[in-house]
Amino acid sequence: MAMAVGKQWTRLRTLGRGGSGAEVFLAADDVSGQLFAVKSATAACASALKREEGLMSCLRSPRVVSCIGGRDARDGSYQLFLEFAPGGSLADRVASNGGLDECAVRGYAADVAAGLAYVHGAGMVHGDVKGRNVVIGADGRAKLADFGCSKKAAADGPIIGGTPAFMAPEVARGEEQGPAADVWALGCTVVEMATGRAPWTGMDGNALAALHRIGYTEAVPEVPEWMSAEAKDFLRGCLIRQASGRCTAEQLLKHPFLAAAVDGAKPQAVESKSKWVSPKSTLDAAFWGSESDTEEAEHDSTAERRIGALACPASALPDWDSDEGWIDVLSAPTEAADADAVPAKE
Ligand SMILES: Nc1ncnc2c1ncn2[C@@H]1O[C@H](COP(=O)(O)OP(=O)(O)OP(=O)(O)O)[C@@H](O)[C@H]1O
């Protein structure tokens, strides 16, 4: 998608609000009428958004939301301009259906795996894969969004982030967060799509206990009984507790569960396409409504300490039953990304 955002544009409506405090809204360029999404953060959080822009601007893939640019706004906030995904988040899609059938799960999982294979091939880790951070494009296919927890895979220094219910064991222990952690989170996202809920929902809101379980026991997220043997085998490849034994995203693309979708048989994507209008201009945008016209397991103490540091204050514990309240944890920012984009394989 080659577009540039001009000086004058109009805010149309709110698309989402993230746990990081950023607001995402739909906007239209006043001259070209092109629609785009704006992720806006207050001056205090601007550096995190600029870092996200630096990392995203290296990426060019149909399976990753494109970054169009960014700028300081007059009110001191920072605004990141993104390709608009009219289908909203995968989490919303899952919530509105109370879970998806296996055919739909397969199609979206193939898109997310392709996005991850691309991102990992570009030397990066997404760091916060979950339904809320996957958006649906105009063609009904999924794209990775929200690179706020991303990092260069080879970056020095500890950077552990993400959403507790989707954390891999090594991340829950605060040890490392490489591409394999994204693959675990992909498995968790498949469980989320199939069940309509984040994994580990049986833990009754006790995030510390759940993080302990993820990090220090042999437990893996529960897989719905009704899923096919192929799907269960796919999930086994994602949810291997030992990071080094887990399948890579590239390997998963060849797994029979995804292979049919990768080869082009994507019934859900076709069906999805007919479910919404994909506005391309300000005129079409009337469809979306306008809200503003202005611009702009070992119970040892090390485990407890690590988990405590990851899980934040007890007062900030997430609502275990809903993805809504999950806290995002991000530590130690790394250096800005290279300016050169990594070519997409697709
Ligand atoms: N490009 C986009 N097109 C359409 N909707 C989007 C787009 N980007 C984000 N959204 C919507 O805004 C929501 C929040 O966006 P995003 O995840 O980037 O913010 P965040 O503050 O980093 O969130 P969190 O920290 O909770 O993961 C998404 O869940 C999605 O519903």
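This text goes with the structure placed above it.
Being a predicted model, the structure only gives us computed values, none of them experimental.

**Points about the sheet that holds strand β3 (residues 35–41)**
Spatial ordering of the open sheet is given by β1-β2-β3-β5-β4, a layout of five strands whose pairing is antiparallel. Among the strands making up the open sheet, the edge pair consists of β1 (9–17) and β4 (67–72). On average, each strand axis in the sheet is tilted by 25° relative to the strand beside it, whichever way the strands run. Two strands pair when backbone bridges link them, and β4 and strand β5 (residues 78–82) are joined in this way by five bridges, in the antiparallel orientation. The partner of D72 across the bridge, within β5, is Y78. Packing against the sheet, helix α1 (residues 46–56) makes contact with β3, β4 and β5, and its axis sits at approximately 25° to β5.

**Quick word on unusual backbone geometry**
Glycine aside, a negative phi is what most residues show, and trans is what most peptide bonds show. Phi angles above zero are rare outside glycine, and D146 is one such case at about 55°. Among the structural elements, D146 can be located in the loop between β8 (142–144) and β9 (151–152). If you check the backbone angles, W200 has positive phi at about 65° while not being a glycine. Within the element layout of this structure, W200 appears in the loop between α5 (179–195) and α6 (207–216).

**Details of the side chain of R11**
Within the element layout of this structure, R11 appears in strand β1. Here the side chain of R11 touches T14 through a polar contact of 3.1 Å, side chain to side chain. A polar atom in the side chain of R11 sits 2.6 Å from the side chain of E23.

**Considerations on α1**
Of all the 11 residues making up α1, eight are buried; the element is thus mostly covered by neighbouring parts of the structure. Regarding α1, the residues found buried are A46, L49, R51, E52, E53, G54, L55 and M56. Residues of α1 that are buried make contact with β3, β4, β5, β6 (124–125) and β9.

**Brief notes about the packing of aromatic side chains**
Per the counting criterion, the structure on display carries five aromatic pairs. Pairing F234 with F257 gives two aromatic rings, centres 5.1 Å apart and planes at 45°, and the pair type is tilted. With F234 in helix α7 (residues 229–238) and F257 in helix α9 (residues 256–262), the pair connects residues that are 23 residues apart, well separated along the chain. On the basis of relative accessibility, which here comes to 0%, the residue F234 falls in the buried class.

About the thresholds
Residues numbered from 1 in each chain as written. Predicted model: local features only at pLDDT ≥ 70, side-chain atom pairs only at ≥ 80, totals over all residues. Heavy atoms only, no water. Pairing = 2+ DSSP bridges. Helix = DSSP H or I, 4+ residues; strand = E, 2+ residues; numbered from the N terminus. Axes fitted to C-alpha atoms, helices over the stretch in contact; angles between N-to-C directions. Contact = heavy atoms within 4.5 Å. Polar contact = N/O pair within 3.5 Å; in protein donor to acceptor, adjacent residues only side chain to side chain. Buried < 20%, exposed > 50% of the residue type's maximum accessible area, 1.4 Å probe, protein only. Phe/Tyr/Trp six-rings, centres within 6.5 Å; stacked < 30°, edge-to-face > 60°.

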